[in-house]
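Here is how the chains run, residue by residue.
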Amino acid sequence: MKHFISIKDVADLTGLIKTSKEIKQNPHTDSELGRNKTLGLVFFNSSLRTRMSTTRAAYNLGMNVIALNVSSDSWQLEFSDGIRMDGGTAEHIREAVPVLCSYCDIIGVRSFPALVNREEDYSEKVINSFIEFGTCPIVNLESATLHPLQSFTDMLTIEEFKSVDRPKVVMTWAPHIKALPQAVSNSFLQWAKQMDFELTITHPEGLELASEFTEGIQVEYNQEKAFEKADFVYVKNWSSYQDYGKVVGQPDWEITLEKLRNTNEAKVMHCLPVRRNVVIADNVLDSDHSIVIPQAQNRLYTAQTVLKEILTSL
Ligand code: AN0
Ligand code: CP
């Protein structure tokens, strides 16, 4: 594996999931693989899971890790070409990335969308600049439109918790007070499509995601109907794609225990962080339905799998 940007960088998904299960059983088998190699983690936005799990994964492989919080620690970076840099930006991405690559063997990048200009966000300017100007492998730690480390984790988690060969997996929109990216949802669909799932999306009308991600997947606007016999309920808020970045209310779409009664004792998943009693009710998060903690724990093993794949092909 050269870069890890999306599912398109995965040649063998079944094999990748198998490797992550092996790493989970024996996380210290490859503790020499990354000896004298350094992972750089570049954060344009906040993180708890991605930062900690990727760091721990790198340590399990014997790597060194350096993290940079761009917004608070570093220079404000310029991405536009041919401009006179007499404003707020002090360093151009054309210098910053090659310099970072001269210190690091692999670089992970987290950069959320601005949620103002759809075309600009969906052009993936930030992560593509790291690929274009970098000389080392790049790992997507959640870009403007995709979060592949999360999705890989979600597939591993469903594989572990499923009780039937072909589970019914329902991805549901849920309310939130802020404008959130579509990245987790887009990416979940990209990965889930490759699995043997009965896959359904449910959301209020008008909250359709980009058709490139939803093509071929059943959309059910009635949440109650969508939940019938579900084995997994995957919960995520996203801001509007059509009316780009708009926050949609709909508090009645919150996931409550009552709503799970016609499911097949569904396991409830969420990438976290989750706002309690806005997105998911306490009585769900504190019940046996919730698998959000083992799901988050799996971030460690999938991150380690991706780093191992890249280290092996350096
Ligand atoms: C982010 C999102 O929705 O993409 C990160 C999730 C992993 N969530 C928030 O900003 C709350
Ligand atoms: N799920 C996830 O990526 O969490 P963080 O934003 O805390 O990294």
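Residues numbered from 1 in each chain as written. Chains lettered and ligands numbered in written order. Predicted model: local features only at pLDDT ≥ 70, side-chain atom pairs only at ≥ 80, totals over all residues. Heavy atoms only, no water.

### So, the sheet that holds strand β8 (residues 198-202)
Then, number 1: Here five strands make up an open sheet; going across it, the order is β9-β8-β7-β10-β11 and the pairing parallel. Looking at strand neighbours, the two that pair on one side only are β9 (218-219) and β11 (267-269), the edges of this open sheet.
Then, number 2: Sheet topology note: the strand β10 (residues 232-236)/β11 ladder contains three bridges and is parallel. Each residue of the ladder has a partner; that of Phe232, found in β11, is Lys267. (Pairing = 2+ DSSP bridges. Helix = DSSP H or I, 4+ residues; strand = E, 2+ residues; numbered from the N terminus.)

### Things to note about the pairing of strand β1 (residues 38-43)
Then, number 1: In terms of burial, β1 is a largely internal element, six of the six residues being buried.
Then, number 2: Neither face of β1 is open: one carries Thr38, Gly40 and Val42, the other Leu39, Leu41 and Phe43, and all of them are buried.
Then, number 3: In this structure, β1 lies alongside strand β2 (residues 64-69), joined through six bridges in parallel fashion. For Thr38, the partnering residue across the bridge sits in β2 and is Asn64.
Then, number 4: Since β1 and β2 lie parallel, the crossover through helix α2 (residues 49-60) that links them has a hand, and here it is right-handed.
Then, number 5: Sheet topology places β1 next to strand β5 (residues 106-110); five bridges connect them, and they run parallel. Considered in β5, the bridge of Leu39 is made with Ile106. (Buried < 20%, exposed > 50% of the residue type's maximum accessible area, 1.4 Å probe, protein only. Right-handed = clockwise from strand over helix to strand, strands pointing away.)

### Comments concerning the site of ligand 2
Then, number 1: The environment of ligand 2 is made up of Ser47, Leu48, Arg49, Thr50, Arg110, His147, Gln150, Cys271, Leu272 and Arg299.
Then, number 2: Here an oxygen atom of ligand 2 and a side-chain polar atom of Ser47 are 2.7 Å apart.
Then, number 3: At a separation of 2.7 Å, an oxygen atom of ligand 2 approaches a polar backbone atom of Leu48.
Then, number 4: Burial of ligand 2 by the protein amounts to 94% of the accessible area it has alone, namely 260 Å².
Then, number 5: Mapping the shell around ligand 2 onto the domain boundaries places at least three of its residues in each of domain 1 (7-147 + 299-311) and domain 2 (150-296). (Near = heavy atom within 4 Å. Polar contact = N/O pair within 3.5 Å; in protein donor to acceptor, adjacent residues only side chain to side chain. Areas by Shrake-Rupley, 256 points an atom, 1.4 Å probe, with all protein chains shown as cover. Domains from an automatic or database assignment.)

### As for the packing of helix α4 (residues 93-103) against helix α6 (residues 125-133)
Then, number 1: Contact geometry for α4 and α6: axes closest at 9 Å, N-to-C directions at 65 degrees. In terms of crossing hand, the pair formed by α4 and α6 is right-handed. Contact residues: α4 offers Ile93, Arg94, Val97, Pro98 and Leu100, while α6 offers Ser129, Phe130 and Phe133.
Then, number 2: Residues belonging to the contact of α4 with α6 are distributed by class as follows: six nonpolar, one polar and one charged. (Axes fitted to C-alpha atoms, helices over the stretch in contact; angles between N-to-C directions. Left-handed = near helix turned anticlockwise from the far one by under 90°. Contact = heavy atoms within 4.5 Å. Nonpolar A, V, L, I, M, F, W, Y, C, P; charged D, E, K, R; others polar.)

### Considering the nonpolar core
Across soluble globular proteins, you tend to see nonpolar side chains buried next to one another.
Then, number 1: In terms of nonpolar packing, the biggest core is built from 59 residues, with Phe188, Leu189 and Trp191 touching the most fellow members.
Then, number 2: At seven residues, helix α12 (residues 292-312) tops the list of elements feeding residues into this core.
Then, number 3: Other than its neighbours up to four places away in sequence, Trp191 contacts Phe4, Ile7, Val10, Leu13, Leu16, Pro148, Ser151, Phe152 and Met155.
Then, number 4: Ala96, Ile127, Cys136 and Ile138 belong to the second largest nonpolar core, which has 20 residues in total. (Core = buried A, V, L, I, M, F, W, Y, C linked by side-chain atoms within 4.5 Å.)

### Examining the site of ligand 1
Then, number 1: Phe112, Glu142, His147, Leu180, Pro181, Lys236, Cys271, Leu272 and Pro273 make up every residue found near ligand 1.
Then, number 2: Contacts to ligand 1 include Glu142, whose side-chain N or O atom sits 2.6 Å from an oxygen atom.
Then, number 3: Lys236 is positioned with one of its side-chain polar atoms (N or O) 2.7 Å from an oxygen atom of ligand 1.
Then, number 4: Protein contacts shield 84% of the accessible area of ligand 1, which totals 330 Å² for the unbound molecule.
Then, number 5: A class-by-class count of the residues in the shell around ligand 1 yields six nonpolar, one polar and two charged.
Then, number 6: Looking at the shell around ligand 1, you find at least three residues from each of domain 1 (7-147 + 299-311) and domain 2 (150-296).

### Regarding the domain arrangement of the protein
Then, number 1: Taken domain by domain, the protein comprises domain 1 (7-147 + 299-311) and domain 2 (150-296).
Then, number 2: A straight line from the C-alpha centre of domain 1 to that of domain 2 covers 25 Å.
Then, number 3: When domain 1 packs against domain 2, close to 2,600 Å² is buried across both sides, 64% of that on carbon and sulfur atoms.
Then, number 4: Taken together, the links from domain 1 to domain 2 amount to one salt bridge.
Then, number 5: For Lys24, the salt bridge goes to Glu160, with nearest N and O atoms at 2.9 Å.
Then, number 6: If you look at where domain 1 meets domain 2, you find 12 residue pairs in polar contact (both at pLDDT 80 or more).
Then, number 7: When contributions to the side of domain 1 that touches domain 2 are tallied by element, the ones reaching two or more residues are α1 (13-25), α5 (118-122) and α12. (Buried area = accessible area lost by both parts, 1.4 Å probe. Salt bridge = Lys/Arg side-chain N within 4 Å of Asp/Glu carboxyl O.)

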